Amino acid sequence: MTYNKTFICITTCLLIFLCGTYAFSQEPTFSTPTNVTAKDTPNDDGSSITVTWDAVPEDSGITGYKILRNTDSGEFEEIGKQLKPTATQYKDSEIEKGKTHAYFVQAITDSEALVNSQQTEGVIATGQWFHTGKTSLFIAMIILCAAILVSIYLCRNNQDVFVRRIPGLEAVDEAIGRATEMGRSILYVLGLGGVENVATIASMTILGQVARRTADYETPLRVPCNDPIVLNVVREMVKTSYLDEGRPDAYQEENIFYLTGDQFAYAAGVDGMMIREKPAAVFLQGTFYAESLLMAETGNSIGAIQIAGTDSEHQLPFFIAACDYTLIGEELYAASAYLSKEPMLLGSLRGQDWGKIVIFVTIILGVTLELFGINWITTLLQSVR
Amino acid sequence: MKRQIPLAFCFLFGIAMIFTQFSPHSYSQAVYKEVINWGLIISPFAMVLAVVTLIQTHVTRINLRTEHWQYSLIVFVGMIVMVLIGVPFGPQNSIVEWLYNNVQVPMDATMFSLLAFFIASAAFRAFRARSFEAFLLLATAMIVMIGNVPVGDLVWNKVMSWMPWTDGASWLRQWILDVLNNAARRGIILGVSLGVISQSIRIILGIERSYLGGGD
């Protein structure tokens, strides 16, 4: 019995020793990053390659990744910074265009060991001519443009296009007439937008119409500009309007001048003109920011008839509160058609309405389908970037 | 020809710039950057003309001794000082920076701060309840203003404690902004977007050409 007990005891100790020795002699095994692929990044100009791999479990013992790249089968070199263990992709934006790049991913273990993945196949990055992520946006643009173009085409000879009454534009003649009767000037402010701004162009077309009437009445038209290019375009426009009306002698170039490019200095300058010259009519048309109310309130305080118009929705409440008439958003763009009554321009307004119908139908359809748990319209609209 | 060539350029560049928005290819992006650079090159030339008109305006004011003509002298003093220091030593020069930080910035801030008083005077006029719509505007504004200050919720919780929810003033304010105000804003934005598309088509196709100088 004593012999047996001693034998069992020695055997057990030996087994524990052997198991412990075996266990401590083994390095923990880490799986290599799997499914490593390198692909040309979609929808870019061919300046990047995206490397992807499968995610690893949190307890895998991997503390980060390094990306290694070679060019045209040369030496592999480490690129970029060490990535987090949760990373599953890397976008390499420092490639050489037209050359073949291959990659492998190196996993870093908590014992600082490095485990390499399989090498990817060589990839050459190429630029794409069409951004597939913008397909839905492109289709929407085509539909809206088609609606406007078809409407313009249909209305090209039609003089009877109905346009609802826009009080702000109806009041243009009233404002000019009032200034003429009072023997005072008209102040036209184009806002802070540059010539590339569509609202500024819309404002300039209204100015062209106003200039035609002031040419007839010989009413001084003062236009302080804050953009040098706008200044030159406006001078040319107003001059041509006076020529078209047969009153080139009434055109005074010095009345269209550069004030400043600074936002609040411009507001101060315009306010100063209002207080000194007391114009009978003030037009505030274009893109405005925080200076909108500074100018509109000053105009109100001198008793001028004020017609404002902007596409900056944040400034609209200020104009509505301080001005006599306000062109809200799209009415600014409708002004040239409304004032000139040109059939093709009026046709574009009708096209806009068709576009609105398309948008309303989409919204109503989307909301209805959402109620029934069908969300493909919502997904489609959310995919627009 | 004076009209046709600019219109042809407008059409070509308009179509090209639309295309660049949908094409990430390096060639189309190069075209986009090139056109933007051309715009930047034109600006300095236009700026020279703008400065000339500024000088002309103020010289005329001084010559004619119009009301407050003395301020035109200050324009010239400011312009000459900034040119004399700024051109040879650059905009990073300490004197230019000092002038900017201690003259222009405070003046800009002064103008901006006037906005608070103008908002008060405009609000006073706009919120007079002379019609049903004006009353609605007044009531909405009152709710938003009360919801904006902490005392609004305090009053709500004390006075309207019988109501089933707390902090109702700020909740109501947020609901007005998120639902009613946002719905109206988005409607305006949709209209503006369609207006921009329509105006752009008119310009690109040469239907709207008054910006070229008269003529519709």
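Residues numbered from 1 in each chain as written. Chains lettered and ligands numbered in written order. Predicted model: local features only at pLDDT ≥ 70, side-chain atom pairs only at ≥ 80, totals over all residues.

Caption draft 1: Representation of the overall build of chain B. The helix and strand tally for chain B stands at 7 helices and 0 strands. Reading the helices (α) and strands (β) of chain B from amino to carboxyl end gives α-α-α-α-α-α-α. Against the compact-globule benchmark of 17 Å for 216 residues, chain B has a radius of gyration of 27 Å, which places it well outside the compact range. Its C-alpha atoms give chain B principal-axis dimensions of roughly 75 × 50 × 40 Å. Relative to its full complement of 216 residues, chain B shows a buried share of 13%. The contacts in chain B between residues at least 6 apart in sequence include a share of 30% that link residues at least 24 apart. (Helix = DSSP H or I, 4+ residues; strand = E, 2+ residues; numbered from the N terminus. Rg over C-alpha atoms; globule rule 2.2 N^0.38 Å. Buried ≥ 20, exposed ≤ 12 C-beta atoms within 10 Å, placed from the backbone. Contact = placed C-beta atoms within 7 Å.)

Caption draft 2: Structural view of the interface of chain B and chain A. Listed as interface residues are 56 residues of chain B and, on the opposing side, 67 residues of chain A. For the side of chain B that touches chain A, the secondary structure elements donating two or more residues are helix H2 (26-64), helix H4 (94-126) and helix H7 (168-204) of chain B. When residues in the side of chain B that touches chain A are grouped by element, the largest group, 16 residues, is from H7 of chain B. Of the residues assigned to the side of chain B that touches chain A, the class counts are 28 nonpolar, 21 polar and 7 charged. (Nonpolar A, V, L, I, M, F, W, Y, C, P; charged D, E, K, R; others polar.)

Caption draft 3: Expanded view of the domain arrangement of chain B. Structurally, chain B comprises domain 1 (1-89) and domain 2 (127-216). Tallying the contact residues gives 7 residues for domain 1 of chain B and 5 residues for domain 2 of chain B. (Domains from an automatic or database assignment.)

Caption draft 4: Fine view of helix H4 (residues 198-217) of chain A. Residue and element names in this part refer to chain A. Relative to the 28 Å expected for 20 residues at 1.5 Å per residue, H4 spans 29 Å between its end C-alpha atoms, a close match to the ideal helical length. Burial within H4 is extensive, with 18 of its 20 residues counted as buried. A positive phi of about 60° marks Glu 218, the residue just after H4. (Expected span 1.5 Å × (residues − 1).)

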